[in-house]
Amino acid sequence: IIGLFFASPLLLPLLQFIQLSTRKMMSSADTLTLSLPPGNLFGLIFPNLGGSAEWMTYFGALPILLFISLCASRTGWKRTRFWLIVFFISIFFSLGSYIPGIQIFASLPGFDLLRVPPRALFLAGISLSVVTAIGLEEFQHSKSIKTEKGMRLILSGSILLVLLLMVIFSIKSTSGRLGFLWGGATFVLAGIILLLVSYRKSNALPFYLLTAILIADLSFVSYHEIQFRKSAEVFESSNEEVSIVKDNILSNSRIYSPSYSIPQEAAMKAGFQLADGVNPLQLESYVKYMDIATGIHWEEYSVTLPAFRTGSPDKDNAGVIPDAELLGILNVQMIISAFPIQEDNLKLEAQTVDAYMYLNGKYRPRAWMQEGLQIDADGKYQEAAITLYSPNHIQVNAEGPGVLVLADPYYPGWIAKIDGKKGSLLKIDGLLRGVELTEGQHTIDFIFRPILLYIGLVFQGCVLLIFCIFAFSRQKRKDP
């Protein structure tokens, strides 16, 4: 409960965002995607070096050894049973669709918002961290654990079994041999040290060795999960397209691609703003608008916008004709595609080896003035001058009367100030932000001030205050 209150400045806005996002569109199949194959549980002992990050189950040899030892020890089990149970639940949940009937569990409120069951393994990591600390303390200071012959027998049997598996797998396996050798050797070495500690009076040296083994073990495995690439190699594939875009669009304009032709990292480096991309949390109102604007209809949950049916961006959406007017309303000035697009309002500006680059003849500015509340694609509008643009504060100069429309999605928490006075924020066509202006020149400030953030900060402050009062009162009682 304390944790929930302390996290409320983040938790409350997140819960609000989830309700407005496509996350609630997920089916049980979406929830259980990338479930952990049971065979990957061998990764608890033998790390799958360079394998999928979603299916990495290696926590280090020492934590698993201490886990086994405390499970086999009466005193150790009493101290750690809560964390051991958490570990088993985490492993069980990570198997996802491989567990019969789990679809019912995955459809329960709260759980139906989660994806990729193996991510629950972070709970296993937390529990093993606690188990490791308690286990080292037991071996160093507790006399009872050293008298338990059953614990020694199970620990010895585990070491011999892992040694045998290491030899068999490293001989028969054509790939992953280094992982089998490393995991087995680390397990055996740490296990032998623990056995020696259990047979003699403790001193600090074995525990320094175990700590060094643990650090070296996790560092070695983590190193093999990192891919080192030069920045020039990362951006090289889109350099030509980026250069053409810079020469043809305005600073505040957006780009759209039905084929992910400008990767997000390249757009970030160049300072471009995308109307598409990869994001596991997307606004439902924006996705529905883009469904019509792009012509790419997708009723299921997708982490990409637009969706790619087979995971091949360069060809999945070929032949689909976007609506240039609707994309233009979203301030999309250029469309970049891996395949040609036949649309009368799109002018082919350039062509590279990998992309066709079109200018949108129906492009609109980021902010404009119009007469009514409804956007008329062919109607008259007048561009409004943006003098400040940031994620949390946008300033526009415009002349009324009329409605100022900002080509950015409406979202709870935005407020509008007209000439320093709070105005009424409008939701235009179910998606965009706008304000109604009277006659004359006006300065409009759009400022993001989410009320739930401030409520969360109050909750957090109350928790901190209670802690301070409690700590002060305890200290006062201890003073003579």
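Everything below is about the structure printed above this text.
Let me begin by describing the structure that accompanies this report. (Residues numbered from 1 in each chain as written. Predicted model: local features only at pLDDT ≥ 70, side-chain atom pairs only at ≥ 80, totals over all residues. Heavy atoms only, no water.)

The biggest cluster of nonpolar side chains holds 44 residues, and the ones touching the most others in it are L404, L432, V435 and F446. Mapped onto this core, the elements with two or more residues apiece are α14 (284–294), α15 (324–329), β5 (332–337), β8 (367–370), β11 (393–409), β12 (414–418), β14 (426–428) and β15 (432–448). Counting residues per element, this core draws most heavily on β11, at eight residues. Setting aside chain neighbours within four positions, we find L404 in contact with A367, W368, M369, A384, V396, A398, R433, G434, V435, L437, I444 and F446. Ranked by size, the runner-up nonpolar core spans 42 residues in total, among them L70, A124, V131 and L194. (Core = buried A, V, L, I, M, F, W, Y, C linked by side-chain atoms within 4.5 Å. Buried < 20%, exposed > 50% of the residue type's maximum accessible area, 1.4 Å probe, protein only. Helix = DSSP H or I, 4+ residues; strand = E, 2+ residues; numbered from the N terminus. Contact = heavy atoms within 4.5 Å.)

Inspection of every chain in the model, using the stated rule, returns 18 aromatic pairs. Consider the rings of F93 and F105, whose centres lie 5.8 Å apart with planes at 75°: the pair is edge-to-face. Here F93 is found in helix α5 (residues 74–94), whereas its partner F105 is found in helix α6 (residues 102–106), with twelve residues between them in sequence. Relative accessible area serves as the criterion here: at 31%, F105 is assigned to the partly exposed category. When the ring of F105 is compared with that of F111, the centres are 4.4 Å apart and the planes differ by 45°; the resulting orientation is tilted. One aromatic cluster is present, built from ring pairs that chain together F17, Y411, W414 and F448. (Phe/Tyr/Trp six-rings, centres within 6.5 Å; stacked < 30°, edge-to-face > 60°.)

Attention now moves to the pairing of β11. Pairing geometry for β8 and β11, over four bridges, is antiparallel. When the bridges of β11 are listed, A367 appears paired with L406. Here strand β10 (residues 385–389) folds back onto β11, and the loop between the two strands holds three residues. Bridge count between β11 and β15: 14 bridges; the pairing is antiparallel. Among the inter-strand pairings, A398 is bridged to a residue of β15, identified as H442. (Pairing = 2+ DSSP bridges.)

Time to look at the pattern of salt bridges. Applying the stated criterion across every chain yields a total of ten salt bridges. A salt bridge links E284 to K24, with the shortest nitrogen-to-oxygen separation between them at 2.6 Å. Of the two residues, E284 is situated in helix α14 and K24 in the loop between α2 (8–20) and α3 (28–31); the sequence distance between them amounts to 260 residues. Classification of E284 as buried rests on a relative accessible area of 16%. The partner of K347 in a salt bridge is E349, and the shortest N-O contact between them spans 4.0 Å. (Salt bridge = Lys/Arg side-chain N within 4 Å of Asp/Glu carboxyl O.)

This part covers the pairing of strand β6 (residues 346–351). Across five bridges, β6 lies against strand β7 (residues 356–360) in antiparallel orientation. Bridged to L346 within β7 is N360. In this structure, the hairpin formed by β6 and β7 is closed by a connection of four residues.

Moving on, we get to α14. For α14, the set of buried residues is E284, Y286, V287, Y289, M290, A293 and T294. Contacts made by the buried residues of α14 are with α2, β1 (254–256), β4 (304–305), α15 and β11. Where α14 ends, the next residue or the one after it, G295, has phi of about 80°, a positive value.

These figures capture arrangement, not role.
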